[in-house]
Amino acid sequence: MAKKVQFVETVLRDANQSLIATRLPYDKFEPMLETIDKAGYYAAECWGGATFDVCLRYLHEDPWERLRKIRAKMPNTKLQMLLRGQNVLGYSHYPDDFVKLFVTKAVENGMDVIRIFDALNDVKNMKVAMEATNKAGAIASGTISYTTSPVHTHKKYVEMVKELKEMGAKTICIKDMAGIMGPKEAYDLVSAIKDAVDLPIDLHTHSTTGLAFMTYLKAVEAGVDIIDTAISPFSGGTSQPATETMAYALRQLGYEVDLDDTCTKKIADYFKGVRDEYIKDGTLMPKSLTTDTQCLTYQVPGGMLSNLLSQLKQMNALDRFDEALLETPKVRADMGYPPLVTPTSQMVGVQAVRNVLDGERYKTVSKEIKAYCRGEYGTTPAPINPEIQKKILGDEKPMTGRYADTLEPVVEKTRKQLEGVARSDEDVLSYIAFPNLAEKFFQERKEKEENTATYSIVEA
Ligand code: CO
């Protein structure tokens, strides 16, 4: 019997985030939701990551309402979101009561699969979200943030996967956010995980370095069950490989693919028009669609390179770029080889620039790096360089437990604080996640309603 390979469509979330900074408003993709629903995907990734923040910040949309609307139009396909473990959708750790309520409400509003990761691969930062997901009846996808370093061995990843299974993961996702995983690593790692646990495995990568099609193919040969792809007009470059191309190649090789080609063609035709609009207005930059192999050479993700450039430019120090680039892997090694993903990528990049411009390493450090050295982000893959940790912390002792255990519950307190303003627990959650944005959004919503009310009186 032919082995089946299933697809997660990322156009609504990761492709949208990677190519056009998550700027797709709901109305732009609404006409395609019913077709996506009929196309035969394993799941549609449509929420989480930066979508929540951008909905409130730029699109004047209630992210919860967006989720409910998608759910209503897509009754047959699983909806999937990306969740940063104890960070939820933000950049620092939240108390457990917030994490639990957020997950519960996400599932209540229509979420089926919650992909849970931690920037340091510290499973104790994933536990509460995993348990809440299972309790709410959704699929907890335990996720590895993939990176390479002397301490990131396949053995370590397999141990992590076993722990995730123990915690209740129903599927495993290997998340290669920088697109640095090559076909050989994919084959070996998927094989190793398949040997160790009997859970479905999903591989997530990006086309940034041009490896992705080869990486997926070898992963499929090793038995991967699900791959993440983007409909062709929103594929390639910093996004995922194209859905239709992967389906074509896999069928040719004898794999079973459930996708309906009439539907994918319709979706592609529609999104071509959308893509062209964003190219025209400058939101989609041509360089996002090209292949960039620099991160294979420097082991620095593409997004970090452009951040380094813009930081140096602001400081009038573009001539120090090469030094900053060389310093980045050194800082990462000092910090115990964190995977470079939000928020660790920003922290390491900023520190590398400081070290170069100060002329003395770790002369100044950000409050985030200080908190990191205190252990507030979790256990690092390798120990932090002890001399540097001592230079940063002085006599202060780093913590070994879970930082969230030191945080006071926040939900009940915020419910009281927002009485008369928040209309639901969803509002309360939006406020805890992004207080300033949510407050502004509540105000705008009220004004909009009052205006509509006035108009209807006039009309009557
Ligand atoms: Co991604």
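This text gives an overview of the structure that appears in the document. Nothing here was measured: the structure is a model prediction, and the numbers come from that model.

**Re the packing of helix 8 (residues 183-196) against helix 9 (residues 212-221)**
Okay, step 1: In contact at an axis separation of 8 Å, helix 8 and helix 9 are set at 25° when each is read in the N-to-C sense. With respect to helix 9, the element helix 8 is oriented roughly parallel. The two elements helix 8 and helix 9 cross, and the hand of that crossing is right-handed. Of the residues in helix 9, those touching helix 8 at P183, A186, Y187 and V190 are M214, T215, K218, A219 and E221.
Okay, step 2: The class makeup of the residues in the contact of helix 8 with helix 9 is 6 nonpolar, 1 polar and 2 charged.

**Describing the nonpolar core**
Okay, step 1: F7, W47, F98, F102, I174 and F271 are the most contacted members of the largest nonpolar core, which has 105 residues in total.
Okay, step 2: The greatest single-element share of this core, amounting to 7 residues, is contributed by helix 5 (residues 96-108).
Okay, step 3: Once residues lying within four places of it in the same chain are set aside, the contact partners of I174 are I144, Y146, M181, L189, V190, I193, I201, D202, L203 and H204.

**Some words on the coordination of the cobalt ion**
Okay, step 1: For the cobalt ion, the protein coordination sphere consists of D14 (OD), H204 (NE2) and H206 (NE2), at 2.0 to 2.1 Å.
Okay, step 2: Read in sequence order, the donor residues for the cobalt ion give the motif D-x189-H-x1-H. With D14 in helix 1 (residues 14-20) and H204 in strand 7 (residues 201-204), this pair connects stretches of sequence that are 190 residues apart.
Okay, step 3: H204 gets classed as buried once you look at its relative accessible area, which sits at 0%.

**Thoughts on the environment of Q443**
Okay, step 1: For Q443, the location among the structural elements is in helix 20 (residues 435-459).
Okay, step 2: When the C-alpha positions of Q443 and V421 are compared, they lie 8.8 Å apart, and in sequence the two are 22 residues distant.

**Details of the environment of G237**
Okay, step 1: The topology assignment puts G237 in the loop between strand 8 (226-229) and helix 10 (243-252).
Okay, step 2: On the accessibility criterion, G237 (6% relative accessible area) is buried.
Okay, step 3: A sequence separation of 27 residues divides G237 from G210, and the C-alpha atoms of the two residues are 7.5 Å apart.
Okay, step 4: What G237 contacts, discounting residues up to four positions off in sequence, is H206, S207, T208, S288, L289 and T290.

**Thoughts on the pairing of strand 3 (residues 78-83)**
Okay, step 1: Taking burial as the measure, the 6 residues of strand 3 include 5 buried ones, the bulk of the element.
Okay, step 2: Here strand 2 (residues 43-48) pairs with strand 3 via 5 bridges, running parallel. In the strand pairing of strand 3, E45 is matched with Q80.
Okay, step 3: As paired elements, strand 3 and strand 4 (residues 113-116) share 4 bridges and run parallel to each other. Bridge pairing in strand 4 places L82 opposite R115.
Okay, step 4: One crossover worth recording links strand 3 to the parallel strand 4 by way of helix 5, and it is right-handed.

Conventions we followed
- Residues numbered from 1 in each chain as written.
- Predicted model: local features only at pLDDT ≥ 70, side-chain atom pairs only at ≥ 80, totals over all residues.
- Heavy atoms only, no water.
- Axes fitted to C-alpha atoms, helices over the stretch in contact; angles between N-to-C directions.
- Helix = DSSP H or I, 4+ residues; strand = E, 2+ residues; numbered from the N terminus.
- Parallel < 35°, antiparallel > 145°, perpendicular 65-115°, else oblique.
- Left-handed = near helix turned anticlockwise from the far one by under 90°.
- Contact = heavy atoms within 4.5 Å.
- Nonpolar A, V, L, I, M, F, W, Y, C, P; charged D, E, K, R; others polar.
- Core = buried A, V, L, I, M, F, W, Y, C linked by side-chain atoms within 4.5 Å.
- Buried < 20%, exposed > 50% of the residue type's maximum accessible area, 1.4 Å probe, protein only.
- Donors = N, O, S within 2.8 Å, 3.2 Å for Na, K, Ca; no water.
- Pairing = 2+ DSSP bridges.
- Right-handed = clockwise from strand over helix to strand, strands pointing away.

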